Amino acid sequence: MDSQKCCSKENENIAVHKGYILTSNIIIRPESINFQQEALQRIISTLANKNDEIQNFIDTLNHTLKGVQENSSYILSELDEEFDSLYSILDEVKESMINSIKQEQARKSQELQSQISQCNNALENSEELLEYATRSLDIKEPEEFSKAARQIKDRVTMASAFRLSLKPKVSDNMTHLMVDFSQERQMLQTLKFLPVPKAPEIDPVECLVADNCVTVAWRMPEEDNKIDHFILEYRKTNFDGLPRVKDERCWEIIDNIKGTEYTLSGLKFDSKCMNFRVRACNKAVAGEYSDPVTLETKALNFSLDNSSSHLNLKVEDTFVEWDPTGGKGQESKIKGKENKGRSGTPSPKRTSIGSRPPAVRGSRDRFTGESYTVLGDTAIESGQHYWEVKAQKDCKSYSVGVAYKTLGKFDQLGKTNSSWCIHVNNWLQNTFAAKHNNKVKALDVAVPEKIGVFCDFDGGQLSFYDANSKQLLYSFKTKFTQPVLPGFMVWCGGLSLNTGMQVPSAVRTLQKSENGMTGSASSLNNV
């Protein structure tokens, strides 16, 4: 009986032995299937990314084709106007030039149509392969799955999508066919198209991004003494790859640049990157654009969270103002809770505020009592960051700093071990002090017009500066154990914020040599 069972098991097509799957005398380890599934998932991800890249390229080609047609029409119109001012002797020359333009349009259109056709075919095949690969994930039969995975791998290797050149063979620029016959009217038999400057080359190594300024430098591939000026174009983007045709902002234009570099200053870095391109112009026409360059422009951007701010504060994205009438409806509810709330115990309803993505509004209790506080809506979890705060001239009392997201709804900035700040008081007596954990240190410096806040999360440092002169006001040395949020308190006045700022070069330099005025939480005196 036992021998019969053994024979029946040996004759089965599929059997399990010591954790292995036996299929038609082939042993397949379960971990090998997992490996193949992971490999197939990577292939699917690669295909999806390639499809997106091809689709973006198709959009670029269509945009270029449209530009060729539009620019050709424009050039033909310009050409007609020039020829209308001439006499019959120009008719033969005019016909010749029209033919040249149309031939150029036809040549470029044919090239672009051919590329579009190739890309559409490659995209169709790639989408079919992607669909087949996705369906293959549902195959339960190990042998069939392995076979399908191998087929998919072979097909991907031979797929045309990975052999395509994703650069247009021609551009939509037709300026090399423009004319200006004002100086050639006596040389009608030798008319030629105007010379067009070659495309400049932007040198990324020579470009500089610092202090919310961007310096773009370029050079000409060869000397051209007929160049009159350059045109620089730029736009903000959140894509760090090639510029896209769709879902992008319009190009901003800076004209009549005489040199080969230009600095954009006073920028707000509210996008991850910026695209730049430049073209050279002579007295008559503009040349081809340079290849676009993408420069990184990361900075901390945050708004004020009005869902958790004190009811006596009127909060906009980057402005907060004390409003004595805002919280009258809550006074009766607050009075019974003020004393209990002094301990700083966080509310059990409070949830975290993350830096990526920004916190969901209403994720913590609203500040109340005498804590006229509002927090930023983006947490700092790593890195070095900088922002600036300016108080209204008649503001009687305000604080600027950072706090853990566990700051209690009755807690004031600087009066608990979960917040750090500098405090300005212009009511009854003038004081300027650093505060943390209910300890205070008076600052023997003038209150600046605008305060710069530098937070080095990883280095455990929070520094305050005169935003104009970059004079160090005070520094806290600590070890942040939780993400921190920018925090602000204001009474009888208002505060405005500047975000999207890089850490200024002067602040970076001062951080390396900071010594004399640096303080720490341990040096604060009890209030």
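Residues numbered from 1 in each chain as written. Predicted model: local features only at pLDDT ≥ 70, side-chain atom pairs only at ≥ 80, totals over all residues. Heavy atoms only, no water.

The name an unreviewed UniProt entry gives the chain is Fibronectin type III and SPRY domain containing 1 like, with Otolemur garnettii as the organism.

**Section: the overall build of the chain**
Inclusion rule: A helix here means a DSSP run of H or I that spans at least four residues, while a strand means a run of E at least two residues long, and both kinds are numbered starting from the N terminus. Only protein chains enter the accessibility calculation, which uses a 1.4 Å probe; a residue is then buried when its area is under 20% of its type maximum, exposed when over 50%, and partly exposed in between. Contacts were defined at the residue level, with two residues in contact if any of their heavy atoms lie within 4.5 Å.
When helices and strands are counted, the chain shows 7 helices and 26 strands. Burial status across the chain gives 46% buried among its 527 residues. Put simply, 69% of the contacts in the chain that link residues at least 6 apart link residues at least 24 apart.

**A closer look at the packing of aromatic side chains**
The description of an aromatic ring pair uses the distance of the two centres, along with the angle that the planes make with each other. This is how it is decided: The aromatic pairing rule takes the rings of Phe, Tyr and Trp, using the six-membered ring of Trp, and pairs them if the centres are within 6.5 Å, calling planes under 30 degrees apart stacked, those over 60 edge-to-face and the rest tilted. Lysine and arginine charges are scored as sitting over a ring when NZ or CZ, respectively, is within 6 Å of the ring centre and within 35 degrees of the ring normal.
For the structure shown, the criterion picks out 12 aromatic pairs. Linked through ring pairs, Trp 322, Tyr 372, Trp 427 and Trp 491 together constitute an aromatic cluster. Across from the ring centre of Trp 251, 4.1 Å away, lies the NZ or CZ of Arg 277, which sits over that ring. The cationic tip of Arg 279 hangs over the ring face of Tyr 289; the distance from NZ or CZ to the ring centre is 4.2 Å.

**Quick notes on the UniProt feature "coiled-coil region" (unreviewed entry) in the chain**
Which entries qualify depends on this criterion: UniProt positions are given in the numbering used here, feature names are shortened, and annotations may be inferred rather than shown by experiment.
Residues given the UniProt feature "coiled-coil region" (unreviewed entry) here are residues 102-129. Structurally, residues 102-129 is divided into 100% helix and 0% strand, and its ends, taken at the C-alpha atoms, are 40 Å apart.

**Overview of the environment of Phe 239**
Tracing the sequence through the fold places Phe 239 in the loop between β7 (229-237) and β8 (252-257). A C-alpha to C-alpha distance of 8.7 Å links Phe 239 and Met 274, two positions 35 residues apart in sequence.

**Focus on the environment of Ala 199**
One can find Ala 199 in the loop between α4 (142-158) and β4 (201-202). Taking the C-alpha atoms as reference points, Ala 199 and Arg 279, 80 residues apart in sequence, are found 6.0 Å from one another.

**Digging into the sheet that holds strand β25 (residues 494-501)**
Two modes of strand pairing occur in sheets, parallel and antiparallel, and in both the strands are linked by backbone hydrogen bonds. Going by this rule: Any two strands between which DSSP finds at least two bridges are classified as paired. Angular values range over 0 to 180 degrees, each being the angle between N-to-C directions of two axes fitted as lines to C-alpha atoms, with helices fitted over their stretch in contact.
With antiparallel pairing, 7 strands are arranged side by side in an open sheet as β13-β14-β25-β16-β21-β22-β23. The two strands at the open ends of the sheet, each matched to only one other strand, are β13 (313-315) and β23 (472-477). Taken pair by pair, the neighbouring strands of this sheet meet at an average axis angle of 20°, ignoring direction. Of the pairings in the sheet, the one linking β13 to strand β14 (residues 319-322) comprises 3 bridges and is antiparallel in character. What sits directly across from Lys 314, in β14, is Glu 321.

**Considering the pattern of salt bridges**
Worth spelling out the cut-off: Salt-bridge detection follows one rule: a side-chain nitrogen of Lys or Arg within 4 Å of a carboxyl oxygen of Asp or Glu.
Taken as a whole and assessed by the stated rule, the structure comprises 15 salt bridges. For the salt bridge of Glu 104 with Lys 108, the shortest nitrogen-to-oxygen distance reads 4.0 Å. Note that Glu 104 and Lys 108 are positioned in helix α3 (residues 91-136) at a spacing of 4 residues, about one turn of the helix. You can call Glu 104 buried: its relative accessible area is 15%. The class for Lys 108 is buried, based on a relative accessible area of 3%. The partner of Glu 233 in a salt bridge is Arg 277, with the nearest N and O atoms 2.8 Å apart. With Glu 233 in strand β7 and Arg 277 in strand β10 (residues 273-281), this residue pair connects regions lying 44 residues apart in the sequence. With respect to class, Glu 233 is no different from Arg 277; both count as buried. Here the salt bridges do not stand alone but share partners, grouping Glu 104, Arg 107 and Lys 108 into one network.

**Here's the deal with the environment of Lys 102**
Along the chain, Lys 102 falls in helix α3. It is 9.1 Å that separates the C-alpha atoms of Lys 102 and Leu 76, two residues lying 26 residues apart in sequence.

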